[in-house]
Amino acid sequence: MQPYDIIIVGAGGGGMYAAMEALQTNPKLKIAVVSKVYPTRSHTSAAQGGVNAALANRHKDDTIDLHIFDTIKGSDYLADQDAAAILCEMAPYVVREMENLGAPFSRMEDGTIAQRPFGGAQKYRCCYCADRTGHTLLQALFEQCLRQGVKFFSEYYLLSIEHDGDKAKGVVVMNMQTGKIDAMPARSVIIATGGYAKMYWQKSSNAAGSTGDGIAAALRAGLALEDMEFVQFHPTGLRKSGLLISEGARGEGGYLVNNKGERFMKTYAPEKMELGPRDLVSRSIEIEINEGRGFDSDAGQYMHLDLRHLGAKLIKERLPQIRQLAIDFEGVDPIDEPIPIRPTAHYSMGGIDVNNDGHTAIKGIYAVGECSCVSVHGANRLGGNSLLEVLVFGKLAGRHAAQNAPSLTPGAISTAAVEKSVKEIEAYGHHDRTERYGELRDELGKTLGANAGIYRTKKKLEKGIEEIMEIKERFKNVRVNDGSVIFNTNLFQVLELKNMIALAETVARGALAREESRGSHSREDFPVRDDAKWHKHSIFHMNDQGEITLSTKPVTMGKYELQERKY
Amino acid sequence: MDEKKDIYFKIFRFNPEADTKPFYDDFKISVEKGVTILRAINYIKDHVDSTLSYRFYCQAGICGSCSMRINGVSKLACTTQVWDELPNCKEVDVITIEPMNNFEIIRDMVVEYTPVISKLEKYISWVTPRIKQEDLGKKEHLIPEAEFKVYDAATDCILCGACYSECSMMTSSREYISPLALLKAFRMVKDSRDTRSQDRMKVLNEDHGMWDCTHCYRCVQACVKNIPIMDAIQGVRNEAFLRGMKNSEGYRHAYAFTQDIKSTGRLKESTIAVRTKGIFGSVSMLPFALKMMSRNRMPHFFVKTIPGIKYVKKIFQKLK
Amino acid sequence: MKYAYYISCINESLSMEADTSMNLWTKDLGIELVPLTSGTCCGGSNLDFTSPDQFLAVNGRNIALAEKMGLDMITSCNTCLLGLRHAKHILDTQPEKKEMVNEIIKEEGLEYTGKSEVKHLLWVLIDDYGLDKLAEKITNPLTEYKFAAFYGCHILRPSTLMGGHDDPYRPHTLEDLVRRLGGNVVEFESRNKCCGFHTLLVAEDESIKLSGSAIDEAISAGADFIVTPCPLCHMALDAYQKEALARVQSSGKMRILHLSQIVGLALGYSEKQLGLNKHVVV
């Protein structure tokens, strides 16, 4: 079979925008977008708050430079400053292009795109469509892909990424409807498979499939991962389900209130209050709860997010979705009562190490979006910068791949590579296997939540690593009970668990190694930021024995010098 | 402590690899109040039968993956509370779970979704802006809030397919456009940034298109996002009127109503068929006409004009 | 009990038996129906989209006529019910639209204020008159017969416009009435489904499949009659019955009753008086 020019794995915001850009750059390219879910099901749909861009529609004195600074400061100075600059410089262009292509936006009085305040931003620059910006952007991207005739392979599961050590060869995938495993040769591969915060399972806001499949496949293929220990806990997840209540609720003026009725953020972020960066707000809630100023319930301890003072009209107009979530999942109407919330594992800053074109060390292999680490978010991501990242780097990687793919001649994917996956999958069905998927998955989530959560210590992390390794060992004995080839969801879940375990190890090891607190990584035993020793990125590799090895690489600096990070 | 009780789940099963025909499996689990249908079936899958097959993803009512029929009604499993379904059970405490209607079944609750995408493609469900490729990204269109409000609700659609599953015409013909494609079409037609509405209206005007909706409102009743889908369907038909697209039976049928109300206030039932279908088209109505005549039910050709008709005419003069 | 009687166009012409049968027994129950002679067609679910504003004004006027009489409106057609209630909802919740309508109808000496309710005959019998009271007047309990209740879409959906009178997915009010009249009710999944009437002219094949499946189910369930509160459903189920059954590869016979006829039968009127001989399927 003739190789594809570009195979994009993942049909979320990053994957689809990359496909569009690639086709625009060269309409003759043979491109396929492979996704384990139908495109509009992708987790981009759940992003609520908005996409940042210094359009200066709301605050006329907003500038790209201010956005760059906010991003770098928000990252606790771990972001590569050149990458952050590219992110913010391209922001007005990509947001306006999406608008031009039909993405609906809420509007200002003068008809321009509406912008609202968001965490860690000096100016109001978060462009939004009510509280469903991710959903509307994703729908618009899908519509445009249909318009351009993008070829989708929906419900195909990524099994492995293939390369010859120098350049890409393609991917091995499974058709989820038939169980058939095939090699898809390609000159280049763009991984856009999303993040891994779902490994925290019960304590995560993510979709069930945010299991880091592409990142784990890259790790197994010998590619480097970066900054895996940085997992963002979003401050306001619903108490019972962990589902997300958008930062937009605080952007519109919501208060965080403890059991004394105080807006406690005045202690931790006197200037920005509820709109401090997410890591800061999550830590603050955690401290308040630990010091007895939280609320108790069977579903655990929580804080109040009070929107009552905003009034019914504003809530119904600007925050209808979060109102519905509170009603559906907590039985609380924010018009009348405060919403019970607690921090939830929401976003993963870590991912596949790529340069500013989204390119990895292997020619023709790219990574885009939450599965990548450029790094634009460093140790902590600002709200509104994730949707921005998928658009900017989706476009850059799509363009770069389109320009370079024709000059690459991939080697063939060996039958052995395909056989490897076939045999692995067959083995899961053996009757003598005894471990249960659900049990292992829940235990993984529990140990991560307890030992690699918001506040980490050497002791807890070591315990965490031990328990993860044990789960990794027990996984070798996990059984897939469903023996059918047709849409075997039991199998897909086990494969996803395999990926979560592999990445959980990197998170815990990275967290143990990094003896400082920076951004979303907080060490109770190393409570300050240590620029002298730790102003660098963590790098992870998997060797041939399947062991994780750690190294580091420097942060690219620019015009912003290291400073203390206060809000 | 939240209430807890034993709930039975009667779940549709069919695996073409192993089964010759579908059957129902019964499961009994202890469920706490506040648990959703999705969490309940996840529990069954984790602890009782891992072969139970269904789609789910975000668990938060935004991705649209987990639509299925719960006690006979198409809904999202992740936003439906088990407790809320108890009054709807045919047998006490037995909740029925089935795949969506009007779709081919792949396995259990997993249905073949590609027809939805084909329909979106057929009806040009995207914006084609007049901005040239090289000028994209420079400036946003200036859209007044009033325009956005027209299709705001329509952009809520998560393509879950509940309306498709509930649609009466869909059960009669899989070729029918479907409520969700009509909703997208409305959203596109009302977006001033798009330049292909003429083409789109043309396809909507053809067979199995916008005129085939039988106004049963099942889509509106089922929509998981409470989108007034019928307003959108009426909206695209209204668009046909605004554009003077007279060459369809649907147009002529509706037009006949307005003419009758304007002229006499009441319908001239005897000629509606002819005015809708034309002389040749009405030949097929002959058996019906004969049946009516045999029962002495043929309506009068001359319809009495209502008193006050001049005021009715004023309405048609003053409003468009 | 007095109501402004809004007659459906079809009940004045093709289905007059529905109207004549209703007029027979409403007097016995002390329900006075004052015809709305100046009322126009409601638009038949077509005017809504040919011109939304004209639709509002036409039906605002219809309701204003009832308001002038100081009476609530009663109708025995589902589509008229929906059209009027839909217009009423918009006029009651959007003041600019109400103003627009009143500007025009004031010339006729009319004003829409929203004080007249719009009700279906079925609702009047159940809520205003009362099934217990109705049961006392029965002289011919329908105990020998089995009925399949076909509600018709526009008395159930959208439920937000139906004032909570019944559950759109598990309706029961028509069946409650039938039981009170002594009749037996069969299990009938099609009871809240669509008969396809509104697309009979433009998409006949698809429409008769809908009515065909409903009739077929009633036959399989052993019903003697299908009873429906909507004359449009009656037309689809009765006048097109042969074609509809053939379309779903079925055959047989199912007599279709108007709501007004089933009540009339239980109150002692004959089939001939109630116009059952006017139906296509006798």
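Residues numbered from 1 in each chain as written. Chains lettered and ligands numbered in written order. Predicted model: local features only at pLDDT ≥ 70, side-chain atom pairs only at ≥ 80, totals over all residues.

**Student:** What exactly am I supposed to notice about the overall build of chain C here?
**Tutor:** The number of helices and strands found in chain C is twelve helices and eight strands. Since a compact globule built from 282 residues should have a radius of gyration of about 19 Å, the 19 Å found for chain C is in line with a globular shape. Here chain C holds 282 residues, and the buried ones make up 60% of them. Put simply, 79% of the contacts in chain C that link residues at least 6 apart link residues at least 24 apart. (Helix = DSSP H or I, 4+ residues; strand = E, 2+ residues; numbered from the N terminus. Rg over C-alpha atoms; globule rule 2.2 N^0.38 Å. Buried ≥ 20, exposed ≤ 12 C-beta atoms within 10 Å, placed from the backbone. Contact = placed C-beta atoms within 7 Å.)

**Student:** Please clarify how the sheet that holds strand S8 (residues 255-258) of chain C should be interpreted in this entry.
**Tutor:** Within a sheet, adjacent strands bond to each other through the backbone by hydrogen bonds, running parallel or antiparallel. Residues and elements named next belong to chain C. Strand order in the open sheet formed by four strands is S6-S5-S7-S8, and the pairing between neighbours is parallel. A single partner strand is all that each edge strand has here, and the edge strands are strand S6 (184-185) and S8. The sheet contact formed by strand S5 (residues 146-149) and strand S7 (residues 225-228) spans three bridges and is parallel. Along S7, the bridge assignment pairs Phe147 with Phe225. Contacting S5, S6 and S7, helix H8 (residues 173-180) crosses the sheet at an angle of about 165° to S5. (Pairing = 2+ DSSP bridges. Axes fitted to C-alpha atoms, helices over the stretch in contact; angles between N-to-C directions.)

**Student:** Please explain the interface of chain B and chain C as it appears in this structure.
**Tutor:** Many structure descriptions define interface size as the accessible area lost when the parts assemble. Contact with chain B, which involves 52 residues of that partner, is made by 48 residues of chain C. Elements supplying a minimum of two residues to the side of chain B that touches chain C: helix H6 (168-172), helix H9 (218-222), helix H10 (229-242), helix H11 (249-263), helix H12 (269-281), helix H13 (286-294) and helix H14 (309-318) of chain B. A per-element tally of the side of chain B that touches chain C places H11(B) first, with nine residues. Tallied by class, the residues present in the side of chain B that touches chain C amount to 23 nonpolar, 15 polar and 14 charged. (Nonpolar A, V, L, I, M, F, W, Y, C, P; charged D, E, K, R; others polar.)

**Student:** When you look at the interface of chain B and chain A in this model, what are you seeing that I'm missing?
**Tutor:** Across the boundary between the two partners, chain B contributes 52 residues, which contact 45 residues of chain A. Grouping the constituent residues of the side of chain B that touches chain A by class yields 24 nonpolar, 16 polar and twelve charged.

**Student:** How do you make sense of the packing of helix H13 (residues 437-451) of chain A against helix H15 (residues 489-513) of chain A when you look at a structure like this?
**Tutor:** Between two packed helices, both the angle of their axes relative to each other and the distance between the axes serve to describe the pair. Residues and elements named next belong to chain A. Here H13 crosses H15 at 25°, and the two axes come no closer than 10 Å. It follows from the interaxial angle that H13 and H15 lie roughly parallel. Viewed along their axes, H13 and H15 form a crossing whose handedness is left-handed. Listed contacts from H15 to Tyr437, Leu440, Arg441, Leu444 and Leu448 of H13 are Gln493, Val494, Leu497, Met500, Ile501 and Ala504. Per-class residue counts for the contact of H13 with H15 are nine nonpolar, one polar and one charged. (Parallel < 35°, antiparallel > 145°, perpendicular 65-115°, else oblique. Left-handed = near helix turned anticlockwise from the far one by under 90°.)

**Student:** Quick question: what am I supposed to make of the sheet that holds strand S1 (residues 2-6) of chain C here?
**Tutor:** Residue and element names in this part refer to chain C. Taken together, the four strands give an open sheet; going across it, the order is S2-S1-S3-S4, and neighbouring strands pair in parallel fashion. Taken across any chain shown, the strands that pair with only one partner, and hence form the sheet edges, are strand S2 (32-35) and strand S4 (118-120). Recorded for the sheet is a direction-independent mean angle of 40° between the axes of neighbouring strands.

**Student:** Please explain the domain arrangement of chain C as it appears in this structure.
**Tutor:** Residues and elements named next belong to chain C. What the domain assignment lists for chain C is domain 1 (2-120) and domain 2 (131-278). For domain 1 versus domain 2, the separation of C-alpha centres amounts to 24 Å. Facing the 25 residues of domain 1 at the interface are 25 residues of domain 2. Sorting the residues of the side of domain 1 that touches domain 2 by element identifies helix H1 (9-12), helix H2 (16-26) and helix H5 (78-93) as the ones contributing at least two each. Here the side of domain 1 that touches domain 2 is composed, by residue class, of ten nonpolar, twelve polar and three charged. (Domains from an automatic or database assignment.)

**Student:** Can you help me understand the confidence of the model for chain C in this one?
**Tutor:** Caution is warranted with low-pLDDT regions, since their predicted coordinates should not be read in detail. When pLDDT is averaged along chain C, the result is 96; 100% of the residues meet or exceed 70. Quick note on the complex model: pTM equals 0.95, ipTM equals 0.96. (pLDDT = per-residue confidence, 0-100.)

**Student:** Could you clarify how one ought to interpret the domain arrangement of chain A in this entry?
**Tutor:** All names here are of chain A. As far as domains go, chain A holds domain 1 (238-343) and domain 2 (415-527). With centres defined by C-alpha atoms, the gap from domain 1 to domain 2 works out at 31 Å. Each partner contributes residues to the interface: domain 1 has five residues there, and domain 2 has five residues. Sorting elements by how many residues they give to the side of domain 1 that touches domain 2 places helix H8 (residues 278-290) first, with four residues. Its residues assigned to classes, the side of domain 1 that touches domain 2 comprises one nonpolar, one polar and three charged.

**Student:** Honestly, unusual backbone geometry in this entry has me stumped. Any pointers?
**Tutor:** Among all residues save glycine, negative phi is the norm, and among peptide bonds the norm is trans. Residue and element names in this part refer to chain A. Following Val374, the chain continues into Ser375 via a peptide bond in cis, with omega recorded as 15°. Within the secondary structure layout, Ser375 lies in the loop between strand S17 (372-373) and helix H11 (385-404). A positive phi angle, near 65°, is found at Tyr77, a position not held by glycine. Inspection of the secondary structure puts Tyr77 in the loop between helix H2 (64-74) and helix H3 (81-100). Its identity as a non-glycine residue notwithstanding, Trp201 has a phi of 35°, on the positive side. Turning to its location among the elements, Trp201 is positioned in the loop between strand S9 (181-191) and helix H5 (213-220).

**Student:** How should I be thinking about the arrangement of the chains in this particular structure?
**Tutor:** By contact count, the leading pair among the two pairs of chains in contact is chains B and C. Between chain A and chain C there is no contact; the minimum C-alpha to C-alpha separation amounts to 16 Å.

**Student:** Just checking my understanding: could you explain the nonpolar core for this structure?
**Tutor:** Among soluble globular proteins, nonpolar side chains are generally buried collectively. Ile6(A), Ile7(A), Ile190(A) and Leu182(B) are the most contacted members of the largest nonpolar core, which totals 371 residues. Top element by residues in this core is H15(A). It accounts for 14 residues. The contact partners of Ile6(A), leaving out residues within four places of it in the chain, are Ala22(A), Leu29(A), Ile31(A), Ala186(A), Ser188(A), Ile190(A), Ala401(A), Ala402(A) and Ala405(A). (Core = buried A, V, L, I, M, F, W, Y, C linked by C-beta atoms within 7 Å.)

**Student:** Just checking my understanding: could you explain the pairing of strand S3 (residues 72-75) of chain C for this structure?
**Tutor:** Successive side chains on a regular strand alternate, one facing one side of the sheet and the next facing the other. All names here are of chain C. Taken together, the four bridges between S1 and S3 define a ladder with parallel strand orientation. Counted as the bridge partner of Tyr3 is Asp72 from S3. Here three bridges tie S3 to S4, and the two strands are oriented parallel to one another. Residue pairing across strands places Met73 opposite Val118, the latter belonging to S4.

**Student:** Could you clarify how one ought to interpret helix H14 (residues 458-475) of chain A in this entry?
**Tutor:** Each α-helix winds once per 3.6 residues, and so residues spaced three or four apart point in a common direction. Residue and element names in this part refer to chain A. Spanning 18 residues, H14 covers 25 Å between terminal C-alpha atoms, matching the ideal 26 Å at 1.5 Å per step. Every buried residue of H14 is accounted for by Lys460, Leu461, Gly464, Ile465, Ile468 and Ile471. Viewed along the axis of H14, the buried residues span an arc of 135°, placing them on a single side of the element. Projecting away from the buried face of H14 at angles above 90 degrees are the exposed residues Lys459 and Glu473. Of the surrounding secondary structure, the elements contacted by the buried residues of H14 are H13, strand S18 (455-456) and H15. (Expected span 1.5 Å × (residues − 1). Arc of directions from axis to C-beta.)

**Student:** Could you clarify how one ought to interpret the pairing of strand S3 (residues 67-70) of chain B in this entry?
**Tutor:** Residues and elements named next belong to chain B. The alternating pattern of S3 places Ser67 and Arg69 and Met68 and Ile70 on opposite faces, both of which are buried. With four bridges joining them, S3 and strand S4 (residues 73-76) adopt antiparallel strand pairing. When the sheet's bridge partners are listed, Arg69 is paired in S4 with Ser74. The hairpin turn running from S3 into S4, its antiparallel successor, is two residues long, and Asn71 in that turn takes a positive phi close to 50°. Summarising the sheet, S3 and strand S5 (residues 94-98) pair through two bridges and their orientation is antiparallel. Within S5, the residue paired with Arg69 across the bridge is Glu98.

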